[in-house]
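Close look at the chain arrangement
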Amino acid sequence: MNISYGFGKTVNLTFNAALQQVTEELQKEGFGVLMEIDVATTLKNKLNVDIPPYRILGACNPPLAHRALAVEPQIGLLLPCNVVVRQDELGKVHVEFMDTNAVLALVNKPEITLVANEVRQRLDRVMAALS
């Protein structure tokens with residue numbers, strides 16, 4: 001994955017196994033999944049378009065979110081951290097993470113940079129733990 005606002009990897013798991021494993025690994029790092037958007041089902045229902053499985057998970061670590069909100073109340077516009085689990089047309093499964101350093105740099109406050117770095121380190125560990 002070569003984009004400035006995210007990072008990720010291809011995993012050797014089924015889509016459902018990847019979804020389960022990433023959720024478990026996020027929990028180990030203090031993140032809960034606040035929302036789950038099934039993009040494939042939504043596009044099918046709304047546009048009658050078929051795409052491979054694609055989920056967006058809205059992950060939040062409450063203590064880190066609280067620290068960020070205390071510094072910058074409007075930062076909720078950039079929360080939660082999105083994690084994508086998707087299957088491509090060839091059947092390969094990808095897990096991709098929002099790069100909090102890139103996104104939260106928009107705020108341009110040292111205290112937020114510290115939080116962004118901590119979140120990024122935790123997400124890096126989640127990614128490293130995936131099969």
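Higher on the page you've got the structure.
The notes below deal with the structure included here. (Residues numbered from 1 in each chain as written. Predicted model: local features only at pLDDT ≥ 70, side-chain atom pairs only at ≥ 80, totals over all residues. Heavy atoms only, no water.)

Turning our eyes to something else, we now look at the packing of helix H3 (residues 62-71) against helix H5 (residues 110-129). The geometry of H3 relative to H5 is characterised by a closest axis approach of 9 Å and an angle of 160° between their N-to-C directions. With respect to each other, H3 and H5 are oriented roughly antiparallel. Crossing hand, H3 versus H5: left-handed. Contacts between H3 and H5 involve Leu 64, Arg 67, Ala 68 and Val 71 on the former and, on the latter, Glu 111, Ile 112, Leu 114, Val 115, Glu 118, Val 119 and Arg 122. When grouped by side-chain class, the residues that make up the contact of H3 with H5 number seven nonpolar, no polar and four charged. (Axes fitted to C-alpha atoms, helices over the stretch in contact; angles between N-to-C directions. Helix = DSSP H or I, 4+ residues; strand = E, 2+ residues; numbered from the N terminus. Parallel < 35°, antiparallel > 145°, perpendicular 65-115°, else oblique. Left-handed = near helix turned anticlockwise from the far one by under 90°. Contact = heavy atoms within 4.5 Å. Nonpolar A, V, L, I, M, F, W, Y, C, P; charged D, E, K, R; others polar.)

Before going further, it helps to examine the packing of aromatic side chains. Across all of its chains, the model carries one aromatic pair by this definition. Measuring from centroid to centroid gives 5.3 Å for Phe 7 and Phe 97, while their planes differ by 15°, and the two rings are stacked. Here Phe 7, found in strand E1 (residues 6-11), pairs with Phe 97, found in strand E5 (residues 93-98); they are 90 residues apart in sequence, far enough to count as distant. Just as Phe 7 is buried, Phe 97 falls in that class too. (Phe/Tyr/Trp six-rings, centres within 6.5 Å; stacked < 30°, edge-to-face > 60°. Buried < 20%, exposed > 50% of the residue type's maximum accessible area, 1.4 Å probe, protein only.)

With that out of the way, let us pick up the side chain of Glu 72. Tracing the sequence through the fold places Glu 72 in the loop between H3 and strand E4 (81-87). Glu 72 has contacts with Val 107, Lys 109 and Ile 112, leaving out every residue within four places of it along the chain.

Moving on, we get to the packing of helix H1 (residues 15-28) against H5. Helix-helix packing is characterised by the crossing angle of the two axes and by the distance between the axes. Where H1 contacts H5, the two axes come as close as 9 Å, and the packing angle between them is 140°. The orientation of H1 relative to H5 falls into the category oblique. Between H1 and H5 lies a crossing whose hand is right-handed. Contacts between H1 and H5 involve Gln 21, Val 22, Glu 25 and Leu 26 on the former and, on the latter, Leu 123, Val 126 and Ala 129. Considered class by class, the residues forming the contact of H1 with H5 number five nonpolar, one polar and one charged.

Taken as a whole and assessed by the stated rule, the structure comprises 11 salt bridges. A salt bridge links Lys 28 to Glu 25, with the shortest nitrogen-to-oxygen separation between them at 3.1 Å. Of the two residues, Lys 28 and Glu 25 are both situated in helix H1; the distance of three residues between them amounts to about one turn of the helix. Relative accessible area serves as the criterion here: at 13%, Glu 25 is assigned to the buried category. Here Arg 125 and Glu 29 are joined by a salt bridge, their closest N and O atoms 2.8 Å apart. Of this pair, Arg 125 sits in helix H5 while Glu 29 sits in the loop between H1 and strand E2 (32-38), and the two are 96 residues apart along the sequence. Look at Arg 125 and you get partly exposed, because its relative accessible area is 44%. (Salt bridge = Lys/Arg side-chain N within 4 Å of Asp/Glu carboxyl O.)

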